[in-house]
Amino acid sequence: MLTGKTITLKRVVVTGLGAITPLGNSVKETWKNLLAGVSGAAQITRFDASGFKTRFACEVKGFDPLQYFDAKEVRRLDLFSQYSVAAADEAYKDAGLDTADFDKNRTGVIWASSVGGMPTMDQQVLEYSSHVGKPKFSPFLVPKIITNIAAGHISIRYGLHGINFCPVSACASSTNAIADAFNYIRLGKADIIISGGAESAVCDSSVGGFSSMKALSERNDEPEKASRPFDRDRDGFVMGEGAVGLVLEEYEHAVARGAKIYAEMTGAGFGADAYHLTATHPEGLGAILAMKSALEDAGITTDDVDYINMHATSTPVGDESEIKAIVKMFGENPAKLSVSATKSMTGHLLGAAGALESLICVKAVQEDIIPPTINTVNVGDEIPKGVDLTLGTAKKKTVNVAMSNTFGFGGHCAISVFSKYK
């Protein structure tokens, strides 16, 4: 029976960060290259892409799984799980949890992926189709490919018995994961949650599928310049891969154990385009609803927002609809708002994109600097002239509040809001 008791929402802070991205295998390296405007795009090495219309991607480079697993374990984990554990490990140690005394029954993992172990599935299907005689599948096939398994690996590694699951909402997945972690903590259901997401979809079926949809850029002669959000010559997104983790923690719990605090998470918002399987609403309906929801949740107005990390994937329709939504929310000449599209450097990490871009917002708030949008040479006529796109170079600027926009196939819209810790 409900008693009608009043719930006081708790504060939630970010105490740890971890990253495996196309720009570096740590937060430090990734952030350095983001601020320098480095592109992570190059020819695909993961498989033979010579027969594809798109032959490049933003792959993770120089990743050595043997730093985290023995050889036997490596064979049992799809690459997205390997990335997940590596990013979570950096975040766990960065938060000081490896030496801290905390209640593991109140510590959880909410970790997302949009497609899970696609490379493993590709490999198994190809082996099956070429097999003569009795079909043979690996006993590790299912636990390698299911999207929730990365959350399981992280919890097993550290013995975390709290909340544990995997939200799936296409390219909004890891923002939903972080928002879920935020809400569980502020409702008092957990003290600490490791949250984020991973993707390793640079494989035959994924590149082939997105290519057949005409979603990928085909600028094979200069891949490092292919992702060009807002540019009138943009022709599609560049696939990326990797994993990013954030340690979210109840504020008083973090203070009591002397944890360093990067920023405070103050809001999350959601909406749905309810329009098309893959295309965003032309007027950005879902994006507007999600941004309004996020601002209301954070208890702030549009005047309080200093920076938006846009979803902006470099597709003709998507970039335009998102900028329309922002202009409707903030006006054509927002006085203090800056935006940037960091997918111009990292590519699109699909289900892990929201986690990476939330991390970028956290760092922007912590260090008062906004990473740039690169490759945009001729801004499209449909992009309002008064919006600060942070073109070309990073910008020093006081950032008290930053928002991360993420949108997924199916019309899923999710927003996270981070504020300077006070």
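Residues numbered from 1 in each chain as written. Predicted model: local features only at pLDDT ≥ 70, side-chain atom pairs only at ≥ 80, totals over all residues. Heavy atoms only, no water.

(A) Up close: the overall build of the protein chain. Within the protein chain one finds 13 helices and 14 strands. For a compact globule of 422 residues, the expected C-alpha radius of gyration is about 22 Å, and the protein chain comes in at 20 Å, within 12% of that figure. Counting across all 422 residues of the protein chain, residues that qualify as buried make up 59%. Relative to all contacts within the protein chain whose residues are 6 or more apart in sequence, the contacts with residues 24 or more apart total 79%. Of the accessible surface of the protein chain, which amounts to about 16,700 Å², a share of 53% is contributed by carbon and sulfur atoms. With 41 positive and 48 negative side-chain charges, the protein chain shows a spacing of 2 Å between the two charge centroids. (Helix = DSSP H or I, 4+ residues; strand = E, 2+ residues; numbered from the N terminus. Rg over C-alpha atoms; globule rule 2.2 N^0.38 Å. Buried < 20%, exposed > 50% of the residue type's maximum accessible area, 1.4 Å probe, protein only. Contact = heavy atoms within 4.5 Å. Areas by Shrake-Rupley, 256 points an atom, 1.4 Å probe, with all protein chains shown as cover. Lys, Arg positive; Asp, Glu negative; His and termini not counted. Charge placed at Lys NZ, Arg CZ, Asp CG, Glu CD.)

(B) Inspection of the pattern of salt bridges at higher detail. Under the counting rule described, the total for this entry stands at 20 salt bridges. Between K93 and D89 there is a salt bridge, with the nearest N and O atoms lying 3.0 Å from each other. Of this pair, K93 and D89 both sit in helix α3 (residues 79-94), four residues apart, roughly one helical turn. We classify K93 as partly exposed; its relative accessible area is 48%. Classification of D89 as buried rests on a relative accessible area of 9%. R186 is paired through a salt bridge with D297; the nearest N and O atoms lie 2.8 Å apart. On the criterion of sequence distance, the pair formed by R186 in helix α7 (residues 173-186) and D297 in helix α10 (residues 285-298) is long-range, its members being 111 residues apart. Looking at R186, the relative accessible area reads 10%, which means it is buried. Given a relative accessible area of 28%, D297 falls into the partly exposed group. Connected through shared salt-bridge partners, E283, E320, K324 and K328 make up one network. (Salt bridge = Lys/Arg side-chain N within 4 Å of Asp/Glu carboxyl O.)

(C) How the structure looks around the pairing of strand β1 (residues 12-20). Counted residue by residue, β1 has nine buried out of nine residues, so it is predominantly covered. Relative to strand β8 (residues 263-272), β1 runs antiparallel, the two being bridged by three bridges. Across the sheet, the residue bridging to V12 is M265, located in β8. Note that β1 and strand β7 (residues 242-250) share eight bridges and pair antiparallel. Directly across from I20, in β7, lies its bridge partner A243. (Pairing = 2+ DSSP bridges.)

(D) Structural detail: the pairing of β8. With seven of ten residues buried, β8 lies mostly within the body of the structure. Of the strand pairs in this sheet, β8 and strand β14 (residues 412-419) are connected by eight bridges, and their pairing is antiparallel. Paired with G267 across the strands is V417, a residue of β14.

(E) Expanded view of the nonpolar core. Core analysis: the largest hydrophobic core is formed by 44 residues, its most contacted members being V14, L17, L246, L248, Y307, V362 and F418. Put simply, the parts of the chain that give this core at least two residues each are β1, α1 (27-35), β4 (107-112), α7, β7, β8, α13 (353-367) and β11 (369-370). No other element matches the nine residues that α13 contributes to this core. When residues no more than four places from it in sequence are discounted, the contact partners of L246 are V14, G16, L17, I178, I193, I194, S195, A355, S358, L359, V362 and F418. (Core = buried A, V, L, I, M, F, W, Y, C linked by side-chain atoms within 4.5 Å.)

(F) Quick look at the packing of α7 against α13. Look at α7 against α13: their axes get within 5 Å of each other, and the N-to-C directions meet at 60°. Overall, the two elements α7 and α13 adopt an arrangement that is oblique. Along the contact surface, α7 presents S174, T175 and I178, while α13 presents A353, G354, A355 and S358. Taken together, the residues of the contact of α7 with α13 break down into three nonpolar, four polar and no charged. (Axes fitted to C-alpha atoms, helices over the stretch in contact; angles between N-to-C directions. Parallel < 35°, antiparallel > 145°, perpendicular 65-115°, else oblique. Nonpolar A, V, L, I, M, F, W, Y, C, P; charged D, E, K, R; others polar.)

Function cannot be read off these values alone, since they describe shape.
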